[in-house]
Amino acid sequence: MDLLKSIFSDTITVFTIMNPLSVGVIMLSLLDEDVSDAEVKSVANKASKAIFVALLIIFFIGQYIFKFLGVSPDGLRVFGGLILLVMGINMVQGHGKKVNHSSKEQEAAGNREDISVVPLAIPITVGPGLITTTLSMSLKAVDWQHYVSGFVAILICCIASLLILGRMPYIKQKLGVNGLRVFNRIMGLVVGSLAAQMILTGISEYL
């Protein structure tokens, strides 16, 4: 039961920060207007695979890199919480995943034939917020249950991302621009709450 609760909690956290609906809107803006459904699914497939690999690497070896560098877990929680807080504020204000990519990167992406890995997977999806969240999960992993929970959560979120990105033209048509904005603002409230919790945890553990 504890393992299921942990998987559920990690999945909700990763999915919220990942925010595949916002990523999907960005993906459509980077693709041609006359792009086919098959091309959208192909981009979604490649991007989701790249996201999965990147998150696994961060989750399983991230904490060891930080230990090698002598970075305090509490310091990471506080700084990571601040990053997520900025993300949450931007999302509530309707700016989406603004903090994860620059206008120059988006412009450059429009000139590439394949946007699935760069910049869609990295840094738009796997940006500072998701990296921080995954590292935080890695730091609290002390036994096999935590590692199983993190792995399953990442797998579930990447599958969900694949399904959402692949169906993004249909989802955008049904929800509309206003629907996507409302969802993004709701996710922003959750991200902000997670950020506040990370900051408070980091400060309390340090003290």
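Use the structure listed above.
Residues numbered from 1 in each chain as written. Predicted model: local features only at pLDDT ≥ 70, side-chain atom pairs only at ≥ 80, totals over all residues. Heavy atoms only, no water.

Participant: Any chance you could explain the nonpolar core here in plain terms?
Facilitator: Nonpolar side chains tend to gather and get buried jointly when the protein is soluble and globular. Residues Met18, Ile51, Leu55, Leu84, Val126 and Leu130 are the most contacted members of the largest nonpolar core, which totals 27 residues. Taken together, the elements giving at least two residues each to this core come down to helix H1 (2–18), helix H3 (37–69), helix H4 (73–92), helix H7 (128–139), helix H8 (144–166) and helix H9 (168–206). Residue contributions to this core peak at seven residues, all from H3. Among residues more than four places away in sequence, those in contact with Leu130 are Val14, Ile17, Met18, Leu55 and Thr125. (Core = buried A, V, L, I, M, F, W, Y, C linked by side-chain atoms within 4.5 Å. Buried < 20%, exposed > 50% of the residue type's maximum accessible area, 1.4 Å probe, protein only. Helix = DSSP H or I, 4+ residues; strand = E, 2+ residues; numbered from the N terminus. Contact = heavy atoms within 4.5 Å.)

Participant: It is not clear to me how the packing of aromatic side chains should be interpreted in this structure. Could you clarify?
Facilitator: Aromatic ring pairs: the centre-centre distance and the angle between the two ring planes describe each pair. Taken as a whole and judged by the stated rule, the model has four aromatic pairs. For the pair Phe59 and Phe60, a centre-to-centre distance of 5.0 Å together with 75° between the ring planes defines the contact as edge-to-face. Measuring from ring centre to ring centre gives 5.8 Å for Phe59 and Tyr147, while their planes differ by 70°; the resulting arrangement is edge-to-face. Placement of Phe59 in helix H3 and of Tyr147 in helix H8 is noted, with a sequence separation of 88 residues between them. Since its relative accessible area comes to 21%, Tyr147 is described here as partly exposed. Between the NZ or CZ atom of Arg167 and the centre of the ring of Tyr170, over which it lies, the distance is 4.7 Å. (Phe/Tyr/Trp six-rings, centres within 6.5 Å; stacked < 30°, edge-to-face > 60°. Lys NZ or Arg CZ within 6 Å of the ring centre and 35° of its normal.)

Participant: Explanation requested: the state of the cysteines in the structure shown.
Facilitator: In the structure shown here, the tally under the stated rule is zero disulfides. Of all cysteine sulfurs, the one in Cys158 lies closest to Cys157, which takes part in no disulfide; the gap is 7.0 Å. Here Cys157 falls in the buried class, since its relative accessible area comes to 1%. Assessed through its relative accessible area of 6%, Cys158 is described here as buried. (Disulfide = S-S within 2.5 Å.)

Participant: For this particular structure, what's the right way to read the packing of helix H2 (residues 20–30) against H9?
Facilitator: When two helices pack together, their arrangement is captured by the angle between the axes and the distance separating the axes. It is the contact of H2 with H9, at a shortest axis distance of 10 Å, that shows an interaxial angle of 120°. Here H9 runs oblique to H2, going by the angle between their axes. When the axes of H2 and H9 are compared, the crossing they make is left-handed. Across from Leu21, Ser22, Gly24, Val25, Met27 and Leu28 in H2, the residues of H9 making contact are Met168, Pro169, Ile171, Lys172, Leu175, Leu180, Phe183 and Asn184. Counted by class, the contact of H2 with H9 contains 10 nonpolar, three polar and one charged residues. (Axes fitted to C-alpha atoms, helices over the stretch in contact; angles between N-to-C directions. Parallel < 35°, antiparallel > 145°, perpendicular 65-115°, else oblique. Left-handed = near helix turned anticlockwise from the far one by under 90°. Nonpolar A, V, L, I, M, F, W, Y, C, P; charged D, E, K, R; others polar.)

Participant: Would you explain H7 in this entry?
Facilitator: Working note: α-helix, 3.6 residues per turn, so residues spaced by three or four point in the same direction. Its 12 residues give H7 an end-to-end C-alpha distance of 16 Å, which sits within 8% of 16 Å, the value for a rise of 1.5 Å per residue. For H7, the tally of buried residues reaches 10 of 12 residues, placing the bulk of the element in the interior. Within H7 the residues assigned to the buried category are Gly129, Leu130, Thr132, Thr133, Thr134, Leu135, Ser136, Met137, Ser138 and Leu139. Check the buried side of H7 and you find it contacts H1, H3, H4, helix H6 (116–125), H8 and H9. (Expected span 1.5 Å × (residues − 1).)

Interpretation note: all reported values are geometric properties and have no functional meaning in isolation.
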